[in-house]
Amino acid sequence: QVQLVESGGGLVQAGGSLRLSCAASGRTFSYYAMGWFRQAPGKEREFVAAVSRSGVRTNYADSVKGRFTISRDNAKNTLYLQMNSLKPEDTAVYTCAAGYASGSDYYTSASGFGSWGQGTQVTVSS
């Protein structure tokens, strides 16, 4: 298992930006496809973005496409989520996840990920 720790959450006004980070340890980071999920109060966890092992392939939920960018730095064992043009409906706990993968695979379902962080709160005020 790989251990994951998120950071970078906080309170921001609508239209603002935040960058989340997810630091990985314990296993070879580049062996894992990575993803971000979020869960708002009273709602189910939802997929936000995913990236393949090399970072070449990415996938986004329609609700964040064009506003969020997922990236990774395998030399630093770190995953990022750049969030721009934030909306109040983006308010949630954001969690990063790792799933052992081969080649250029990535996952968009939670079932593809075996390791999860604790989450970081993002609150967007109107």
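Every value quoted in this text rests on a predicted model; they were computed, and no experiment measured them.

Points about the environment of Ala-97
- Relative to the helices and strands, Ala-97 is located in strand S9 (residues 92-100).
- Classification of Ala-97 as buried rests on a relative accessible area of 0%.
- Linking Ala-97 and Ala-24, residues 73 residues apart in sequence, is a C-alpha distance of 9.8 Å.
- Not counting residues within four places of it along the chain, the set of residues in contact with Ala-97 comprises Leu-4, Ala-33, Met-34, Gly-35, Phe-37, Phe-113, Ser-115 and Trp-116.

Some thoughts on the sheet that holds strand S8 (residues 78-83)
- Overall, antiparallel pairing links the four strands, which are arranged S1-S3-S8-S7 in an open sheet. The outermost strands of the open sheet, each flanked by one partner alone, are strand S1 (3-7) and strand S7 (68-73). Geometrically, the sheet is characterised by an average inter-axis angle of 15° between neighbouring strands, direction not taken into account.
- Sheet analysis places S1 next to strand S3 (residues 18-25), joined by five bridges and oriented antiparallel. Within S3, the residue paired with Gln-3 across the bridge is Ser-25.

Thoughts on the pattern of salt bridges
- Inspection of the entire model under this criterion finds four salt bridges.
- A salt bridge links Arg-67 to Asp-90; the nearest nitrogen and oxygen atoms lie 2.7 Å apart. Taken together, the residues span a long stretch of sequence, with Arg-67 in the loop between strand S6 (58-60) and S7 and Asp-90 in the loop between S8 and S9 at a distance of 23 residues. Like Arg-67, the residue Asp-90 is buried in the burial classification.

Digging into the packing of aromatic side chains
- If you walk through the whole model with that rule in mind, you get seven aromatic pairs.
- Centroid distance Tyr-32 to Tyr-100: 5.8 Å. Interplanar angle 85°. Geometry classified as edge-to-face. Here Tyr-100 lies in strand S9 and Tyr-32 lies in strand S4 (residues 32-39), a separation of 68 residues in the sequence.
- Aromatic side chains Phe-113 and Trp-116 sit 6.1 Å apart centroid to centroid with 65° between the ring planes, which places their arrangement in the edge-to-face category.
- Take Phe-113: its relative accessible area is 6%, and that puts it in the buried class.
- You can call Trp-116 partly exposed: its relative accessible area is 26%.

Rules and cut-offs
Residues numbered from 1 in each chain as written. Predicted model: local features only at pLDDT ≥ 70, side-chain atom pairs only at ≥ 80, totals over all residues. Heavy atoms only, no water. Helix = DSSP H or I, 4+ residues; strand = E, 2+ residues; numbered from the N terminus. Buried < 20%, exposed > 50% of the residue type's maximum accessible area, 1.4 Å probe, protein only. Contact = heavy atoms within 4.5 Å. Pairing = 2+ DSSP bridges. Axes fitted to C-alpha atoms, helices over the stretch in contact; angles between N-to-C directions. Salt bridge = Lys/Arg side-chain N within 4 Å of Asp/Glu carboxyl O. Phe/Tyr/Trp six-rings, centres within 6.5 Å; stacked < 30°, edge-to-face > 60°.

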